[in-house]
Amino acid sequence: MAETLRVLVTGAAGQIGYSLLYSIANGDVFGKDQPIILHLLDITPALGALGGVKLELEDCSLPLLRDVVCTDQEAVAFKDIDIAVLVGAMPRKEGMERKDLLAANVRIFKSQGTALETHAKKTVKVLVVGNPANTNCLIASKYAPSIPAENFSCLTRLDHNRAKGQVALKTGVTAAQVRKVTIWGNHSSTQFPDLRHAEVTLATGETKSAYDAIQDENWIKNTFIPVVQKRGAAIIAARKLSSAMSAAKAICDHLRDWWFGTPENDWVSMGVISDGSYGVEKGLLYSFPVKCSNKTWTIVQGLEINDWARDLMNKTAQELVEERNDALEACNK
Ligand SMILES: NC(=O)c1ccc[n+]([C@@H]2O[C@H](COP(=O)([O-])OP(=O)(O)OC[C@H]3O[C@@H](n4cnc5c(N)ncnc54)[C@H](O)[C@@H]3O)[C@@H](O)[C@H]2O)c1
Ligand SMILES: O=C(O)C[C@H](O)C(=O)O
């Protein structure tokens, strides 16, 4: 058996936590021979509910789950962790953009970046989910300077899965038959869900480019892109709560692919630190198409970018620059 992994989930008493913890503890993310100790952090008023989550985890009778540490103390939560899933933050309400959460949430990620720096293993892998996810991730990384920036990522896999789902519905296949979609930029309504390099294997067994399979460029530009960009808001409008089941599934997909690698003939979208690829400002936390192997992500290179795509990629980059500047100002107050 492998050495026990210490996996931190923040905001563990919240709705994403409730959908996520079973999958991690059951071995659906890090493998069926990987013992796990869960570190669960929430704020003091939520400790009662968090205790209830612990009781339920005990009642799941999971062979890989070695311990559950519930705490409201960052020093306890971040101690010697291998993985950090930073979910705990305020969710947006109807009518808000995710960046409206910046003022409320960015200080959490400054504090948790500092806690990572002080208490976590230097090899820790960090996934930021709390919104605005890209900018919170950038701030957490900034306050943990001794942990490589490559160990930080933010969740755009939910958008990636949404894009696959929409193409599958349109072409009458399952999402497994849709490959190489890309989410560029911010986990926000400026993101660019890009099908220009995507492929679909049709019911006939034939594999076509997504554009040829869909045969409706107007649908791609005027329906597909806005639907994916605004899907989070559509869920809030319908549920009066933000996505949780699909978010938890995307977190599991993101972590599993980072850990075990992406399939040979596909890639995934992750928010990662830009190295200047595709002309995206170096140091910006931007969603790219990536392949993973040996627990390391690499940006897929060489994709053709036309003027239309370039405009959309620049627009979402510009929003990230503005968010970054606002976040740095908030952190310095
Ligand atoms: N990136 C994505 O794709 C994505 C998808 C869905 C939701 N989100 C975001 O994830 C976050 C959580 O969503 P949710 O639906 O679980 O919200 P929720 O309100 O149900 O749960 C959030 C939990 O975080 C806790 N919390 C607040 N401040 C904390 C702190 N400083 N330390 C630890 N815990 C803290 C709260 O007490 C609560 O239990 C929100 O910001 C939401 O917008 C992101
Ligand atoms: O939209 C939100 O605020 C929640 C989440 O980021 C989502 O995309 O569902």
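Basis of the calculations
- Residues numbered from 1 in each chain as written.
- Chains lettered and ligands numbered in written order.
- Predicted model: local features only at pLDDT ≥ 70, side-chain atom pairs only at ≥ 80, totals over all residues.
- Near = placed C-beta within 6 Å.
- Helix = DSSP H or I, 4+ residues; strand = E, 2+ residues; numbered from the N terminus.
- Domains from an automatic or database assignment.
- Buried ≥ 20, exposed ≤ 12 C-beta atoms within 10 Å, placed from the backbone.
- Expected span 1.5 Å × (residues − 1).
- Contact = placed C-beta atoms within 7 Å.
- Nonpolar A, V, L, I, M, F, W, Y, C, P; charged D, E, K, R; others polar.

Engineer: Sorry, what's going on with the site of ligand 2 here?
Structural biologist: Around ligand 2, the surrounding shell consists of Pro-91, Arg-92, Arg-98, Asn-131, Leu-158, Gly-232, Ala-233, Ile-235, Ser-242 and Ser-243. It is helix α9 (residues 231-239) that provides the largest number of residues to the shell around ligand 2, a total of 3 residues. Inspection of the shell around ligand 2 shows a minimum of three residues originating in each of domain 1 (5-154) and domain 2 (157-323).

Engineer: I tried to follow the environment of Lys-93 on my own but got confused; where do I start?
Structural biologist: As for its position among the elements, Lys-93 is in the loop between β4 (83-86) and α4 (102-119). Take Lys-93: there are 12 C-beta atoms within 10 Å of it, and that puts it in the exposed class. Between the C-alpha atom of Lys-93 and that of Ala-237, which follows or precedes it by 144 residues, the distance is 8.6 Å.

Engineer: Sorry, what's going on with helix α6 (residues 157-171) here?
Structural biologist: Working note: α-helix, 3.6 residues per turn, so residues spaced by three or four point in the same direction. Its 15 residues place the ends of α6 21 Å apart at the C-alpha level, agreeing with the 21 Å of an ideal helix rising 1.5 Å per residue. The set of residues buried in α6 consists of Arg-157, Leu-158, Asp-159, His-160, Asn-161, Arg-162, Ala-163, Lys-164, Gln-166 and Val-167. Where α6 ends, the next residue or the one after it, Gly-172, has phi of about 70°, a positive value.

Engineer: In this structure, what is going on with the domain arrangement of the protein chain? I would like to understand it.
Structural biologist: A common way to state how big an interface is: give the accessible area lost once the parts meet. Domain annotation for the protein chain reports domain 1 (5-154) and domain 2 (157-323). Here the C-alpha centroids of domain 1 and domain 2 sit 24 Å apart. Counting residues at the interface gives 30 residues for domain 1 and 26 residues for domain 2. Of all the secondary structure elements, the ones that give two or more residues to the side of domain 1 that touches domain 2 are α1 (15-25), β5 (125-128), α5 (133-142) and β6 (152-154). Of the residues that constitute the side of domain 1 that touches domain 2, the class distribution is 16 nonpolar, 6 polar and 8 charged.

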